[in-house]
Amino acid sequence: MTNALPLPEFTHERVEVITGRRSGLLVAVALHSSVLGPALGGARLWTYPSWTDALGDALRLSAAMTLKNAAAGLDAGGGKSVIGLPEGTVLDPDRRRAAFLDLGDAVDSLGGLYRTAEDVGSTTDDMLVVSERTPHVVGLPDAVGGSGEPAGPTSLGVYASLVATLERAVGTGDVAGRRITIAGLGQVGGRLAERLAAENAVLTVTDVNPAKRALAVELGAAWVEPSEAHLIPADVFVPAGIGGVLTDEVIDALDARAVCGPANNPLADRSGADRLAARGILYAPDFVVNAGGVIYLDLVAKERGSIDEIMARVAEIGDTVRRVFDEAATRGVTPLAAAEGLAAERLAAGTGRAALV
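Thresholds, definitions, all that
Residues numbered from 1 in each chain as written. Predicted model: local features only at pLDDT ≥ 70, side-chain atom pairs only at ≥ 80, totals over all residues. Heavy atoms only, no water. UniProt positions renumbered as here; feature names shortened; annotations may be inferred. Core = buried A, V, L, I, M, F, W, Y, C linked by side-chain atoms within 4.5 Å. Buried < 20%, exposed > 50% of the residue type's maximum accessible area, 1.4 Å probe, protein only. Helix = DSSP H or I, 4+ residues; strand = E, 2+ residues; numbered from the N terminus. Domains from an automatic or database assignment. Contact = heavy atoms within 4.5 Å. Right-handed = clockwise from strand over helix to strand, strands pointing away. Pairing = 2+ DSSP bridges.

Under the annotation held in an unreviewed UniProt entry, the protein carries the name Leucine dehydrogenase and is attributed to Microbacterium testaceum. One UniProt comment on the protein, placed under Sequence similarities (unreviewed entry), says "Belongs to the Glu/Leu/Phe/Val dehydrogenases family."

Participant: Explain the nonpolar core to me, and be specific about the residues and the numbers.
Facilitator: Leu162, Ile182, Leu196 and Leu203 are the most contacted members of the largest nonpolar core, which totals 79 residues. It is helix H4 (residues 151–170) that provides the largest number of residues to this core, a total of 9 residues. In this structure, this core is formed jointly by two domains, domain 1 (14–64 + 77–141) and domain 2 (151–290 + 322–342), each of which donates at least three residues. Setting aside chain neighbours within four positions, we find leucine 162 in contact with Val175, Ile180, Leu196, Val236, Val238 and Cys260. Counting 23 residues, the second largest nonpolar core, distinct from the first, contains Leu31, Ala99, Val137 and Leu140.

Participant: Pulling in residues and values, what's your account of the pairing of strand E8 (residues 202–206)?
Facilitator: Buried residues dominate E8, accounting for 4 of its 5 residues. Tracing the backbone out of strand E7 (residues 179–183), into helix H5 (residues 187–198) and back to the parallel element E8 gives a crossover that is right-handed. Examined bridge by bridge, E8 and strand E9 (residues 222–223) share 2 bridges and lie parallel to one another. When the sheet's bridge partners are listed, threonine 204 is paired in E9 with alanine 222. In this view, the connection linking E8 to its parallel neighbour E9 by way of helix H6 (residues 213–219) has right-handed handedness.

Here it is as structure tokens:
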């Protein structure tokens, strides 16, 4: 489950919450904004203590997608969907299929104002099931002509962001010999760890799944328990797992020069950005850093460029991070405030423009 996080201000355009007629599971689809175009955001399948936690996650994540898509320069609004599993629930293949058919119906009810995709807990094969009920889905498997798994583009954007963060924090973007701690070895964190190991970074890694320790051994990385990762001296701490990991207590004990990672909503509270700044720890905002996947999915779906051209666009996330750091320094604000300002500029320019469906 995700750590408990505060709810965002409710500024959502539309929220659909249903009990799936096939699966019996909660399905929440949150459309936060379509100001810049039909919303795009993944479908999360996760375990929650209660249905309100699942709904809260959808509300937070959809609001973050508005910022992410706007800051990334996409003509796409922000939305997210969540299939909430009660604690202890294990889905068999039939009920899993039923859940994603239910999701497809919920997505289709928004009439094209929201497009879904793979996210934490879901796969491209699940999106193929969704496509049986709605055309408003991206990231289908390669085998059926879809864009496939977006974790590779996401990890590329994180790498470009990490290089930009190192430049500002230590004076060089060269990762060789740099101490980097990665907390979370999923699809994105694992790919990032492999690339950094190949470039001779000094890696410390962890994951809530102890089986991931095998990857640490393979890469020659040090392994620590998740509760100790923030205590390891590092040039960059990379949150790549659950949200809310950067609590006040963790920030106060964090032994790192910078934070840059793909985890959504890593700050337990927005004030954490000020707390990091007060300690002299550089923070690269998550919704800028982790935008590679959504950039890839959106541009491939709209056929805007070759794969090489789209991946080059993903790599430009590093330049966006540099711009955020420059803006923060010029205005005397945190990088989070600067990144939110960047997104707000695009949203203000698009205010009043109806989404095309």
